[in-house]
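Read off the chains here:
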Amino acid sequence: MKEYKKRIADQILADKLEAMGAVLIEGPKYCGKTTLASQQAKSILYMADPDTKNQNLAMAQTNIKRLLQGETPRLIDEWQLAPQFWDAVRNEVDKRSDDGQFLLTGSAVPPKQDEIFHSGTGRMSWLKLRTMSLWESGDSTGDVSLGALFRKADSVDGVSSINIEQLAFLTCRGGWPKATLKKSKKAALIQAKEYYEAVYRYDISRVDDIERDPELTKRLMRSYSRNQGTQASAGTILADIRANESDDLSENTIYAYIKALKKIFVIEDSLAWNPNLRSKTAIRTSDTRYFTDPSIATAALGLGPEDLINDLNTFGLLFETLCIRDLRVYADALGGTVYHYRDKSNLECDAVVHLENGSYGLIEIKLGGDNLIREGAENLQVLANKLDTSKMKKPAFLMVLTGVGDYAYKRPEDGVLVVPIGCLKD
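Calculation criteria
Residues numbered from 1 in each chain as written. Predicted model: local features only at pLDDT ≥ 70, side-chain atom pairs only at ≥ 80, totals over all residues. Heavy atoms only, no water. Patch = residues over 30% accessible without salt bridge, like charges linked within 9 Å, V, L, I, M, F, W, Y side chains within 5 Å. Areas by Shrake-Rupley, 256 points an atom, 1.4 Å probe, with all protein chains shown as cover. Salt bridge = Lys/Arg side-chain N within 4 Å of Asp/Glu carboxyl O. Lys, Arg positive; Asp, Glu negative; His and termini not counted. Charge placed at Lys NZ, Arg CZ, Asp CG, Glu CD. Helix = DSSP H or I, 4+ residues; strand = E, 2+ residues; numbered from the N terminus. Pairing = 2+ DSSP bridges. Axes fitted to C-alpha atoms, helices over the stretch in contact; angles between N-to-C directions. Polar contact = N/O pair within 3.5 Å; in protein donor to acceptor, adjacent residues only side chain to side chain. Contact = heavy atoms within 4.5 Å. Buried < 20%, exposed > 50% of the residue type's maximum accessible area, 1.4 Å probe, protein only. Phe/Tyr/Trp six-rings, centres within 6.5 Å; stacked < 30°, edge-to-face > 60°. Arc of directions from axis to C-beta.

Chemist: How would you explain a negative patch on the surface if you had to name every residue and give the values?
Modeler: Among the surface-exposed residues, Asp15, Glu18, Asp98 and Asp99 lie close enough to one another that they form a single negatively charged patch. Among the structural elements, aspartate 98 can be located in the loop between helix H5 (85-95) and strand S4 (102-105).

Chemist: Residues and numbers for the pairing of strand S12 (residues 407-410), please.
Modeler: In this structure, strand S7 (residues 158-159) lies alongside S12, joined through two bridges in antiparallel fashion. Within S12, the position partnered with glycine 158 by the bridge is alanine 408. From the end of S12 to the start of strand S13 (residues 417-420), which pair antiparallel, there are six residues, and glycine 415 there has a positive phi angle of about 80°.

Chemist: Break down the sheet that holds strand S1 (residues 22-26) for me, citing the residues and quoting the values.
Modeler: Taken in spatial order, the five strands of this open sheet run S2-S3-S4-S1-S5, and their pairing is parallel. Both outer strands of the open sheet, strand S2 (43-46) and strand S5 (124-128), are each paired with one neighbouring strand and no more. Ignoring strand direction, the axes of neighbouring strands in this sheet form an average angle of 20°. With three bridges connecting them, S1 and S4 associate as parallel partners. Following the sheet pairing, alanine 22 is matched in S4 by phenylalanine 102.

Chemist: Mind laying out the environment of lysine 193, listing which residues take part and the relevant values?
Modeler: Tracing the backbone through its elements, the reader meets lysine 193 in helix H9 (residues 185-206). Remark: the alpha-carbon pair of lysine 193 and aspartate 426, spanning 233 residues in sequence, is separated by 28 Å.

Chemist: Residue-level account of the side chain of serine 145, with values.
Modeler: Mapped onto the secondary structure, serine 145 falls in strand S6 (residues 144-145). For serine 145, the side chain forms a polar contact with the main-chain nitrogen of glycine 147, separated by 3.3 Å. Within the structure, the side chain of serine 145 is placed 3.1 Å from the backbone nitrogen of alanine 148, a separation counted as a polar contact. Apart from the residues within four sequence positions on either side, serine 145 is in contact with Lys425 and Asp426.

Chemist: Outline the environment of aspartate 240, supporting the account with residue identities and numerical values.
Modeler: Structurally, aspartate 240 can be placed in helix H11 (residues 234-244). Residue classification places aspartate 240 among the buried positions, given a relative accessible area of 17%. Residues aspartate 240 and valine 400 lie 160 residues apart in sequence; the distance between their C-alpha atoms is 31 Å. At a separation of 2.7 Å, a polar atom in the side chain of aspartate 240 contacts the side chain of serine 223.

Chemist: Account for the packing of aromatic side chains, naming residues and giving values.
Modeler: One pass over the full model with this rule turns up nine aromatic pairs. When the ring of tryptophan 79 is compared with that of tryptophan 86, the centres are 5.7 Å apart and the planes differ by 35°; the resulting orientation is tilted. Considered together, tryptophan 79 and tryptophan 86 belong to a single accessibility category, that of buried residues. Measuring from ring centre to ring centre gives 5.9 Å for tryptophan 86 and tryptophan 126, while their planes differ by 40°; the resulting arrangement is tilted. With a gap of 40 residues between them, tryptophan 86 in helix H5 and tryptophan 126 in strand S5 connect regions that are remote in the sequence. The partly exposed category is assigned to tryptophan 126, whose relative accessible area is 39%. By the ring-pair criterion, three or more aromatic residues cluster together here, those being Tyr30, Trp176 and Tyr195.

Chemist: Lay out the sheet that holds strand S11 (residues 397-402) with the relevant residues and their values.
Modeler: Across the sheet, which stays open at both edges, the seven strands sit in the order S7-S12-S13-S11-S10-S9-S8 with mixed pairing between neighbours. The two strands at the open ends of the sheet, each matched to only one other strand, are S7 and strand S8 (336-342). Here strand S10 (residues 360-366) runs beside S11; their pairing, made up of six bridges, is parallel. Considered in S11, the bridge of glutamate 364 is made with valine 400. Relative to the sheet, helix H15 (residues 312-334) contacts S8, strand S9 (348-355), S10 and S11, its axis offset from that of S8 by approximately 140°.

Chemist: Explain H11 to me, using residue names and the numbers behind them.
Modeler: The α-helix winds at 3.6 residues per turn, so residues separated by three or four positions along the chain end up facing the same way. Within H11 the residues assigned to the buried category are Ala234, Ile237, Leu238, Asp240 and Ile241. End-on, the buried residues of H11 take up no more than an arc of 160°, which puts them together on one face. Of the surrounding elements, those touching the buried residues of H11 are helix H10 (214-226) and helix H12 (251-263).

Now the structure itself:
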């Protein structure tokens, strides 16, 4: 049996199967959707199997109910090859008394909406699978639990073994499951490059059957890489492309390409957080630009670990993308969402983890170093003092999330937590 590293999403999937008739697992290609689902499936239909694909497609047209027969939960892999599965599954769930009947997985390319006639409300649940966090890949010690901080943040105690060289490698490797199983660093780094190549050569045109220019896709993804962690508009990205690689483009074209990349989960921007403030302050509502995995940015820019170490400014931006990825994975387990805050005075907070019960934590992301940590802590204090805690809860914690650093600790002067990413978990 192939080696399987447990995912935080394993329990999320089990909970959804207990509650709902079917679960659709979505996310970027190669992030492990089928492997995750197969751990809990009791029978599997591989729609894309070359030996049976044609007969499966024919059966889907004539007697799709037969393809749904099998021990449950039944996994329909690459279900989007026959979009009629959606309504057939929904109908079958209605007829059966038990939940946990079906799992649907496939490439991140969604089916055409005109081929689906029911939303799936009340029958279907959605699970977004991301690339692996450092805790899941075995690179974080997991000494500090994000969930525990929401319950009690009086102190932290954790140790990280990630140094600057290892962090640069992890940023370039990304969280692709296959890469985390590779013994050779060279082989692991190839995974991200292959993913990037598949996106610009093929996947971006598959999303809606519109042929798109691979070279323009490459240029756009390079610009997006340079703008990680910013609120760059389509116009700003367009200007960046023109400045670095002259071309006759329009903002509408940029929007169309960005939209396509979002549909296949290459891009996942961070929404703006809108808290209650003591004074009237205009909050910037633009989304913050992020790839779903930092390795996409390094691959697009043609950077390796040594390049990042030699350019700490770029390293810092891409490290932020890594942290946002991990925080999203951990927040998913807590039923939370990761936001970004920025107001008209340019006061920023890199990440706000907000739970459904109204609890939230404020997080600044810094590569490391005493000066940057102090700057991040002071920034968090300024924001915390702006919040109107008569209308919302106080922050559960204030945290500076660092790249390098041996220990997690609480600053005695202000109570801000300093936590290396190499000791964080859900």
